[in-house]
Amino acid sequence: MSQPSVANFVLKRSWLRKWMLPLATWYSAAAGYRQLGLKADDLIPEESETVLLALKRLPPNEAYDRVFRLRRAFQCSLSHQLLPVEEQTKPEDDYQYLTPIIEEIEAELAEREDLEAMTVMKQNK
Amino acid sequence: MLSRSSLGRGAQRALRRQCCSQPTNRRGLAAPASGSFAYQTGDSSGIKVATRDLWGPTTTLALVAKAGTRYEPLPGLAQGLEKFAFTSTEKRSALRIVREVELLGGEVQPYHTRENLILQAKFLRDDLPYFLELLAEVTSKTRYDPWVFDEHVSTLIQFSHRKFLANTSEMALNSAHSLAFHRGLGTPLFPTSSHPFKKYLNADFIGGYSGRAFAKSNIAIVANGADHSEVTKWVSEFFTDLPSTTGLSSEQTKYYGGEERIAHDGGNSVVLAFPGSSTFTGGFYKPEIAVLAALLGGETSVKWASGYSLLAKAAANHPGATVSTKSMIYSDAGLLTVKIDGPAKAVAGTTHEVVKTIKEIAGGELSKDDLKKAIAQAKFKELEYGESIRAGLELTGTGLIQGGKPYQLDESAKAIEAVTEEQVKKVAKELLDFKASVSSVGDLYVLPFAEELGLKV
């Protein structure tokens, strides 16, 4: 269950990209999760089999960092505070660490669906 | 009357196939076999290939890699690599591989022995290119993902570990091997503890091992029921990405011997092992050992009788005990094993009788008839074992990788035929001079110590 995204559509068109990029940068800064030290992929809802499996497949250090970020964000949220600026997520650190794994699992599931729906035709020799 | 058209295209095609499209290199049944299993050998872009074009609609193809438990640098690597075979590759997923193989009606099976890792495929003759490509992909493009290891491979290895721990006779055999050879050939076939998959194994290590296990010089491709030129052609086309690193090697095996006793409540097994014979090309070949194994025997070859070999007669006094004697041959050493399974008391009684019988042979009590029977049976067993496709594929592959020529079955059968009474007596005496490897698994209160049996350990 990766997040719906029009990123590919936009990225393919360079004029649109040039036009959208400042808007996107402003939006992710304004969304506020970076001020709590989170990454965009931390916001993907966990309540699905796919995401749960993807979380299990995370490399150990990524999984540890994720838990740390979440706990820190809860603390900030409880105490109604933002992190000091140097601890907030920098835009270059806000990479997709979970989405590629989710996409891989989704591709696996889609392939399984396709193979289940296959009709076998006998080859004429 | 049947009209010509009602015969159907299938029948017509079958007729046509019979009369016209005979490959020119096919030998008739009566023609003498050239090598051992009549495998044609060759080299295709640095990879050794052996084929045997038997008439028949199916093909058995095997990739034999010299990467069994003997050669693994860390415990469990050979089995890890075996379990990784036919999982996702860079080109297709594990699911797709399974479905495609199913659609073609074939079957793939990876397994490992002490010396070899074998990826075997059985399929209809026409699908040869597909399966050769699949084997090439599995050996050079498998993705050794950590999550595949966590989710599948380590679970499968744990299962085999538990299965192994439940089987006393497997445990006794493996323990006898480790007593006899310590490291190398003595490495257990399956994990004896959870150490391998908890401590030593991970996807990266297995991936690294695959690079050496599937090096060009370390593998051979053996096909049963396929045309030689076809196989060489496709091998040179598909197997281009294999690394040409040096293969795996291990030191010359040395025999040690000793005793091990393992308490177990799931059954009783005793294995008495003595230094045996290597393969024919291995340098330590002793045909007498095969004859002695047949002479001791223990398994019945006729129905409704306990058998007429010496140990079968001995075991008949202890109902419930089963005895089997095997000469296990490896490339540079061998082990003559007598395995006794059954209820504790019967096993203990039979074990005493087994040692008594070996001592009698060493002392010279050996009837001519028994020897004649044993030689005939040893020869039959050797030929029959070699003829079975599965063993034939492995033996041929090992022979190719290690000696450059397939296993010489004809010659070893001839050597067995020439064994004399003196040789058998001498080898039996020699067995008792060596330290034996005695492994007892089960009810240790009843099972005898080697000392009580009168064996040196």
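Residues numbered from 1 in each chain as written. Chains lettered and ligands numbered in written order. Predicted model: local features only at pLDDT ≥ 70, side-chain atom pairs only at ≥ 80, totals over all residues. Heavy atoms only, no water.

As for the overall build of chain B
Working step 1: Within chain B, the regular secondary structure consists of 17 helices and 11 strands.
Working step 2: Taking 23 Å as the expected radius of gyration for a compact globule of 457 residues, we find that chain B reaches 24 Å, a close match to that expectation.
Working step 3: Relative to its full complement of 457 residues, chain B shows a buried share of 54%.
Working step 4: Nonlocal contacts in chain B, meaning residues at least 24 apart in sequence, comprise 80% of its contacts between residues at least 6 apart.
Working step 5: Carbon and sulfur atoms make up 54% of the accessible area of chain B, which amounts to about 20,800 Å² in all.
Working step 6: Computing the positive centroid from 52 side-chain charges and the negative centroid from 49, chain B places the two 3 Å apart. (Helix = DSSP H or I, 4+ residues; strand = E, 2+ residues; numbered from the N terminus. Rg over C-alpha atoms; globule rule 2.2 N^0.38 Å. Buried < 20%, exposed > 50% of the residue type's maximum accessible area, 1.4 Å probe, protein only. Contact = heavy atoms within 4.5 Å. Areas by Shrake-Rupley, 256 points an atom, 1.4 Å probe, with all protein chains shown as cover. Lys, Arg positive; Asp, Glu negative; His and termini not counted. Charge placed at Lys NZ, Arg CZ, Asp CG, Glu CD.)

A short note on the UniProt feature "domain: Peptidase M16 C-terminal" (unreviewed entry) in chain B
Working step 1: The residues that UniProt annotates with the feature "domain: Peptidase M16 C-terminal" (unreviewed entry) are residues 214–377 of chain B.
Working step 2: Secondary structure content for residues 214–377 of chain B is 35% helix and 21% strand, while the C-alpha to C-alpha distance between its ends is 37 Å. (UniProt positions renumbered as here; feature names shortened; annotations may be inferred.)

Side note on the pattern of salt bridges
If the charged atoms of two oppositely charged side chains come close together, the side chains can form a pair.
Residue and element names in this part refer to chain A.
Working step 1: According to the stated counting rule, one finds 24 salt bridges over all chains in the structure shown.
Working step 2: Across the salt bridge formed by R69 and D42, the nearest N and O atoms sit 2.8 Å from each other. Within this pair, whereas R69 is found in helix 4 (residues 60–78), its partner D42 is found in the loop between helix 2 (14–31) and helix 3 (49–56), the two being separated by 27 residues in sequence. Of the two residues, R69 and D42, both sit in the buried class. (Salt bridge = Lys/Arg side-chain N within 4 Å of Asp/Glu carboxyl O.)

Points about the sheet that holds strand 10 (residues 334–341) of chain B
Strands belonging to one sheet form pairs held by backbone hydrogen bonds; the direction of such a pair is parallel or antiparallel.
All names here are of chain B.
Working step 1: Taken together, the 5 strands give an open sheet; going across it, the order is 7-11-8-10-9, and neighbouring strands pair in mixed fashion. The open sheet has two edge strands with one neighbour each: strand 7 (258–263) and strand 9 (322–329). For this sheet, the mean angle separating the axes of adjacent strands, direction not counted, is 10°.
Working step 2: In terms of strand pairing, strand 8 (residues 269–275) meets strand 10 through 7 bridges, oriented antiparallel. Of the residues in strand 10, the one forming a bridge with P275 is L335.
Working step 3: Helix-sheet contacts for helix 10 (residues 287–296) involve strand 8, strand 9 and strand 10, and the interaxial angle to strand 9 is about 170°. (Pairing = 2+ DSSP bridges. Axes fitted to C-alpha atoms, helices over the stretch in contact; angles between N-to-C directions.)

Quick notes on the pairing of strand 6 (residues 219–224) of chain B
In regular strands, side chains alternate between the two faces of the sheet.
Residues and elements named next belong to chain B.
Working step 1: Summarising burial for strand 6: 6 of the 6 residues are buried, a large majority.
Working step 2: Of the two faces of strand 6, the one holding I219, I221 and A223 and the one holding A220, V222 and N224 are both buried throughout.
Working step 3: Here strand 2 (residues 47–52) runs beside strand 6; their pairing, made up of 5 bridges, is parallel. What sits directly across from A50, in strand 6, is V222.
Working step 4: Across 6 bridges, the pairing between strand 3 (residues 58–65) and strand 6 is antiparallel. When the bridges of strand 6 are listed, A62 appears paired with V222.

A look at the sheet that holds strand 3 of chain B
Residues and elements named next belong to chain B.
Working step 1: The strand order across the open sheet formed by 6 strands is 1-2-6-3-5-4, and the pairing between neighbours is mixed. Bordering the open sheet on either side are strand 1 (40–44) and strand 4 (107–112), each of which pairs with just one other strand. Shown here is a sheet whose adjacent strand axes are inclined to one another by a mean of 20°, direction ignored.
Working step 2: Relative to strand 2, strand 1 runs antiparallel, the two being bridged by 5 bridges. Each residue of the ladder has a partner; that of Q40, found in strand 2, is T51.
Working step 3: In the packing of helix 9 (residues 228–238) onto the sheet, the strands contacted are strand 1, strand 2 and strand 6, and the crossing angle to strand 1 comes to about 20°.

A look at the confidence of the model for chain B
Working step 1: Per-residue pLDDT for chain B has a mean of 86; in total, 92% of the residues score no lower than 70.
Working step 2: Counted against residues more than four places away or in other chains, residues 1–7 of chain B, with its pLDDT under 50, gives 1 contact. (pLDDT = per-residue confidence, 0-100.)

A word on the interface of chain A and chain B
Working step 1: Contact with chain A, which involves 11 residues of that partner, is made by 11 residues of chain B.
Working step 2: The junction of chain A with chain B conceals about 1,100 Å² of combined surface from both sides, 48% of it contributed by carbon and sulfur atoms.
Working step 3: The interface formed by chain A and chain B contains 4 salt bridges.
Working step 4: For the pair chain A and chain B, the interface holds 5 residue pairs in polar contact (both at pLDDT 80 or more).
Working step 5: Among the elements that take part in the side of chain A that touches chain B, helix 5 (residues 99–116) of chain A stands out by supplying 6 residues, more than any other.
Working step 6: Of the residues that constitute the side of chain A that touches chain B, the class distribution is 4 nonpolar, no polar and 7 charged. (Buried area = accessible area lost by both parts, 1.4 Å probe. Polar contact = N/O pair within 3.5 Å; in protein donor to acceptor, adjacent residues only side chain to side chain. Nonpolar A, V, L, I, M, F, W, Y, C, P; charged D, E, K, R; others polar.)

Some words on the packing of helix 13 (residues 368–387) of chain B against helix 15 (residues 409–417) of chain B
Residue and element names in this part refer to chain B.
Working step 1: Two elements in contact, helix 13 and helix 15, have axes whose closest approach is 9 Å; the angle formed by their N-to-C orientations is 170°. In terms of their interaxial angle, helix 13 and helix 15 are classed as roughly antiparallel. Across from I375, A378, K379, E382, L383 and G386 in helix 13, the residues of helix 15 making contact are L409, S412, A413, I416 and E417.
Working step 2: A breakdown of the residues in the contact of helix 13 with helix 15 according to their chemical character gives 6 nonpolar, 2 polar and 3 charged. (Parallel < 35°, antiparallel > 145°, perpendicular 65-115°, else oblique.)

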